[in-house]
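Listed below are the residues making up each chain.
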Number of protein chains: 2
Amino acid sequence: MIAIIVRRGNSHPELAEVPDPIPEAGEALLRTLRVGIDGTDHEVIQGNHGGYPEGDDYQILGHEAVAIVEDPNGTDLEEGELVVPTVRRPPDGTNDYFKQGEPDMASDGHYVERGIVGAHGYMSEFFTSSPEFLVSVPDSFAEYGFLVEPISNSEKAFEHAFASRSAFEWDPESALVLGNGPLGLLTLAMLETPSSPFERNYCLGRRDRPDPTIEIIERLGSTYVDSRETSVNMMPDAHEAVDLVYEATGYAKHAFETVDALMPNGVGALLGIPSNWEFEVDGGRLHREIVLKNKALFGSVNSNVRQFEAAKTRLAEFPNWFFDEFVTGVYAPREAEAAFKTGDDIIKTVVEFDTQ
Amino acid sequence: MIAIIVRRGNSHPELAEVPDPIPEAGEALLRTLRVGIDGTDHEVIQGNHGGYPEGDDYQILGHEAVAIVEDPNGTDLEEGELVVPTVRRPPDGTNDYFKQGEPDMASDGHYVERGIVGAHGYMSEFFTSSPEFLVSVPDSFAEYGFLVEPISNSEKAFEHAFASRSAFEWDPESALVLGNGPLGLLTLAMLETPSSPFERNYCLGRRDRPDPTIEIIERLGSTYVDSRETSVNMMPDAHEAVDLVYEATGYAKHAFETVDALMPNGVGALLGIPSNWEFEVDGGRLHREIVLKNKALFGSVNSNVRQFEAAKTRLAEFPNWFFDEFVTGVYAPREAEAAFKTGDDIIKTVVEFDTQ
């Protein structure tokens, strides 16, 4: 079959012929429809994650997929059923995190990640998976079901944010998303769905108008904040202190400035993954601010089946126009190079292997 | 009546004759038994908090009290009933935080604090209070009931710590208390009660043996960690990474080093109140560590009636020897100066106005 891979030692995606996957007992064979591309894929290509699948000198890319059951192979799945696969798998056998349905909370060494570290991803005509790692989605998800995975990451962050504020009456009204990349915009769309309790949402970026991400931010009903004019810690003066900050920039100073952007009793969710960076902070003031105003910060990575299910419900609430504006390119596998291009006019691209 | 006060412009405690308090309608008159002294009292004396009660040029000190109902004054209380008062009061009328029973989550301007900021404390022969701010305690609490208030602050921190980890299966086994001051030792004793889930507890200090706090730490069954040999971020190598860090030092670097002392999925509770202090951190590494290991940090201040009730239950679990070792001095009001002395052989002192 054909697949989009990165070879050991290379740092570009490449179309290749790879062996067809053969489902083991208890695994189904899936036919890939679409696979989204995000920043993690670029990091994998650049070798930041490393960890090729054991015995292979290449890794099949992609972790945001929607697929169709080609062969249930004795599992409870039905041929033709639409599914979205989760990302983490136990490295050998299983472990408590997976048994509890919480692989997202597993620590290093207790998981591999398909398409990211130690396991092949989904950018191939077919892949195999045990049904426990597949979330069934309606037929209407064939085009945009690949967004369930990134949305599930924010569902986890929201779940943890509300949990962290559950010891008291917390009625959040305002949120600030740091970063107008694909994950930032998806999260902003989540905050703007009819069922969201958030009434006033902001999204921070560093772009000049006209810009397609600013257009999406404003069409969603949110306020664009230009970080070149308004730094994160200036939010209370420039707009308002917010109940929730969601960081998806990987810019480490944002993690610290988040403390000042928050209302008393507010919470900051950190999802970016920065490199080492030493800088000065007024640690005394930040520490005091956190304590005296009951503020909280937490980190969140990956997501579990429960959060994929929540993402399914959330995605169904998105307005139709959003998908047209958000997905700026649909590419055939042979257009891999174009699919992985980045730029200010590119928001989210997807590789289409097949259609329903 | 007599009271221990600090006068505007002074920075020492002083015994003084002040007007007897007269309960308003809906308030009871309380006769003070004992009032504990802690670091906050020293900060009040040094003028760090400021905020004298409106119209007065002095403030009655003390916020850790146990008292007896002298005159119910038409309230549901009974004469002779033993009570512990909470600290925060609405500044004028009430507000949503107080209506919800969560004055501990109130932001600046929505509360005064008795004995701390804007309201007289309990270091006087009598005080008045509405019953909603009094927690009834058994007669056996006459001697050590004043510890309910500091313990309640840690009950709140524990409540928030568990809440912040409630979105997944969290089974903490180990905890590190930063600081062997009175609040640190009380919290360690809480972690070592029979009903506590924590099996291995550590307490950080910077003292040489023999030392009365190290003796308490070890008699409780915990491990003493000397910060001069083992800094907070060295915990994983020197002992183990812990599930919970409880910071009660007000040393701002500890807040940042806490991230490295934590196990994956662990949580750090910050309670210290440092002054401004700029220093360098590897913000990128800390940010990444928080995200990839699902770690959390939060601040916690004050406590509410529910947490006072939990503290009551907790205090009843403390071993008897603990009180004898922990309370190093009981002073009459006229010995105010001695009661406020500090030193390595002094752990917790208390002013006794009356006995049951």
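Quick caveat, the model's predicted, so the values are computed rather than measured.

## Quick word on the pattern of salt bridges
On inspection of all chains with the given rule, the structure shows 46 salt bridges over all chains. Between arginine 200 of chain A and glutamate 199 of chain A there is a salt bridge, with its nearest N and O atoms 4.0 Å apart. Judged by relative accessible area, glutamate 199 of chain A falls into the exposed class, the value being 57%. The salt bridge involving arginine 306 of chain B is made with glutamate 159 of chain B; its shortest N-O contact spans 2.5 Å. Residue arginine 306 of chain B is located in helix α9 (residues 305–315), and its partner glutamate 159 of chain B is located in helix α3 (residues 148–164); the two are separated by 147 residues in the primary sequence.

## What about the interface of chain A and chain B?
Facing the 55 residues of chain A at the interface are 55 residues of chain B. Note on chain A versus chain B: buried area summed over both sides is about 4400 Å², and carbon and sulfur give 57% of it. There are zero salt bridges connecting chain A and chain B. Those elements that provide at least two residues to the side of chain A that touches chain B are α3 (148–164), α7 (252–261), β16 (262–270), β17 (278–282), α8 (283–292) and β18 (296–299) of chain A. If one sorts the elements of the side of chain A that touches chain B by residue count, α8 of chain A sits on top with nine residues. Here the residues of the side of chain A that touches chain B are counted per class, giving 25 nonpolar, 16 polar and 14 charged. Strand direction decides the pairing type here: β18 of chain A and strand β18 (residues 296–299) of chain B, joined by three bridges, are antiparallel. Residue alanine 296 of chain A lies in a different strand from β18 of chain B, and its bridge partner there is phenylalanine 298 of chain B.

## Focus on the packing of α3 of chain A against helix α9 (residues 305–315) of chain A
Residues and elements named next belong to chain A. Two numbers describe how α3 lies on α9: the axes approach to 8 Å, and their chain directions differ by 110 degrees. Classed by the angle they form, the pair α3 and α9 counts as roughly perpendicular. Contacts between α3 and α9 involve Val148, Glu149, Ile151, Ser152, Glu155, Lys156, Phe158 and Glu159 from the former and Arg306, Gln307, Phe308, Ala310, Ala311, Lys312, Arg314 and Leu315 from the latter. When the residues that make up the contact of α3 with α9 are grouped by side-chain class, the tally is seven nonpolar, two polar and seven charged.

## Description of the pairing of strand β1 (residues 2–7) of chain B
Residue and element names in this part refer to chain B. In this sheet, strand β2 (residues 14–17) lies alongside β1 in antiparallel orientation, the contact comprising four bridges. Bridge assignment links isoleucine 2 to a residue of β2, and that residue is glutamate 17. Here β1 hands over to β2 after six residues, with glycine 9 in that stretch at a positive phi of 90 degrees.

## Here's the deal with the UniProt feature "binding site: substrate" (unreviewed entry) in chain A
All names here are of chain A. As annotated by UniProt and renumbered to match this structure, "binding site: substrate" (unreviewed entry) occupies Thr40, Glu113, Glu149, Asn153 and Asn302. Despite a sequence span of 263 residues, these residues sit close together in the fold, their greatest C-alpha distance being 14.0 Å. On the secondary structure map, glutamate 149 appears in helix α3. Among all residues touching glutamate 149, those that are not within four sequence positions of it are His63, Glu64, Val87, Ser303 and Phe308. Among the secondary structure elements, asparagine 153 is positioned in helix α3. Judged by relative accessible area, asparagine 153 falls into the buried class, the value being 13%. Setting aside chain neighbours within four positions, we find asparagine 153 in contact with Leu271, Ser300, Val301, Asn302 and Ser303.

## Some remarks on α7 of chain A
Across the ten residues of α7 of chain A, nine count as buried, placing the element largely inside the fold. When we look at burial in α7 of chain A, the residues that qualify are Ala252, His254, Ala255, Phe256, Glu257, Thr258, Val259, Asp260 and Ala261 of chain A.

## What to know about the sheet that holds strand β4 (residues 58–60) of chain B
Residues and elements named next belong to chain B. Taking strand neighbours across the sheet as the criterion, the three strands line up as β2-β1-β4 in an open arrangement whose pairing is antiparallel. The sheet is open, and its two edges are formed by β2 and β4, each paired on a single side. Each strand of the sheet is rotated relative to its neighbour by a mean of 55 degrees, with strand direction disregarded. In the sheet, β1 pairs with β4 via three bridges, with the strands oriented antiparallel.

## Observations concerning the environment of arginine 228 of chain A
All names here are of chain A. Note that arginine 228 resides in the loop between β14 (223–226) and α6 (235–238). Sequence spacing of arginine 228 and proline 150 is 78 residues, and the spatial spacing of their C-alpha atoms is 27 Å. Polar side-chain contacts of arginine 228 include one of 3.0 Å to the backbone oxygen of arginine 207.

## Description of the side chain of threonine 75 of chain B
All names here are of chain B. Along the chain, the position of threonine 75 falls in the loop between β5 (64–71) and β6 (82–85). Classification of threonine 75 by relative accessible area gives buried; the value is 14%. A polar contact is formed between the side chain of threonine 75 and the backbone oxygen of proline 72, at a distance of 2.7 Å.

## Some remarks on the relation of the copies chain A and chain B
Each copy superposes on the other: chain A lies on chain B with an RMSD of 0.0 Å after a rotation of 180 degrees and an axial shift of 0.0 Å. Both chain copies can therefore be described as sitting about a two-fold axis. Scanning chain A for the C-alpha nearest the rotation axis identifies serine 164 of chain A, at a separation of 1.7 Å.

## Some points on the sheet that holds strand β15 (residues 242–247) of chain A
Strands sit in the order β14(A)-β13(A)-β12(A)-β15(A)-β16(A)-β18(A)-β18(B)-β16(B)-β15(B)-β12(B)-β13(B)-β14(B) across an open sheet of twelve strands; the sheet is mixed. Of all the strands in the sheet, just β14 of chain A together with β14 (223–226) of chain B have a single pairing partner and so form its edges. In this sheet, adjacent strand axes meet at a mean angle of 15 degrees when their direction is disregarded. Pairing of strand β12 (residues 174–178) of chain A with strand β13 (residues 200–205) of chain A involves five bridges; the strand directions are parallel.

## Section: a negative patch on the surface
Residues Glu278 and Glu280 of chain A together with Glu278 and Glu280 of chain B make up a contiguous surface patch of negative charge. Where the negative patch is concerned, the elements lending two or more residues are β17 of chain A together with β17 (278–282) of chain B. Within the fold, glutamate 280 of chain B resides in strand β17.

## Some words on helix α4 (residues 182–191) of chain B
With eight of ten residues buried, α4 of chain B lies mostly within the body of the structure. Every buried residue of α4 of chain B is accounted for by Gly184, Leu185, Leu186, Thr187, Leu188, Ala189, Met190 and Leu191 of chain B.

## Section: empty space enclosed by the protein
Under the definition given, this model contains four cavities of 30 Å³ or more. Roughly 180 Å³ of volume is contained in the largest cavity. Lining the largest cavity are 17 residues, with Phe256 and Leu297 of chain A together with Phe256, Ile290 and Leu297 of chain B sitting closest to its centre. Every element with two or more residues in the lining of the largest cavity is listed here: α7 and α8 of chain A together with α7 (252–261) and α8 (283–292) of chain B. With four residues, the top contributor of residues to the lining of the largest cavity is α8 of chain B. In terms of residue class, the lining of the largest cavity is built from 14 nonpolar, three polar and no charged.

## A short note on unusual backbone geometry
All names here are of chain A. Cis geometry marks the peptide bond from arginine 209 to proline 210; its omega dihedral reads -5 degrees. Relative to the helices and strands, proline 210 is located in the loop between β13 and α5 (212–219). At asparagine 73, a residue that is not glycine, the phi angle is positive and equals roughly 55 degrees. With respect to the element layout, asparagine 73 can be found in the loop between β5 (64–71) and β6 (82–85). Residue classification places asparagine 73 among the partly exposed positions, given a relative accessible area of 31%. Within the chain, asparagine 294 stands out as a residue other than glycine whose phi angle is a positive 50 degrees.

The rules we used
- Residues numbered from 1 in each chain as written.
- Chains lettered and ligands numbered in written order.
- Predicted model: local features only at pLDDT ≥ 70, side-chain atom pairs only at ≥ 80, totals over all residues.
- Heavy atoms only, no water.
- Salt bridge = Lys/Arg side-chain N within 4 Å of Asp/Glu carboxyl O.
- Buried < 20%, exposed > 50% of the residue type's maximum accessible area, 1.4 Å probe, protein only.
- Helix = DSSP H or I, 4+ residues; strand = E, 2+ residues; numbered from the N terminus.
- Contact = heavy atoms within 4.5 Å.
- Buried area = accessible area lost by both parts, 1.4 Å probe.
- Nonpolar A, V, L, I, M, F, W, Y, C, P; charged D, E, K, R; others polar.
- Pairing = 2+ DSSP bridges.
- Axes fitted to C-alpha atoms, helices over the stretch in contact; angles between N-to-C directions.
- Parallel < 35°, antiparallel > 145°, perpendicular 65-115°, else oblique.
- UniProt positions renumbered as here; feature names shortened; annotations may be inferred.
- Polar contact = N/O pair within 3.5 Å; in protein donor to acceptor, adjacent residues only side chain to side chain.
- Least-squares fit on C-alpha atoms with pLDDT ≥ 70 in both.
- Patch = residues over 30% accessible without salt bridge, like charges linked within 9 Å, V, L, I, M, F, W, Y side chains within 5 Å.
- Areas by Shrake-Rupley, 256 points an atom, 1.4 Å probe, with all protein chains shown as cover.
- Lys, Arg positive; Asp, Glu negative; His and termini not counted.
- Charge placed at Lys NZ, Arg CZ, Asp CG, Glu CD.
- 1 Å grid on protein atoms, 1.4 Å probe; cavity = no way out; pocket = protein on both sides within 12 Å on 5 of 7 lines; lining within 4 Å.
- Points joined across faces, edges and corners; volume = space filled by probe spheres on them.

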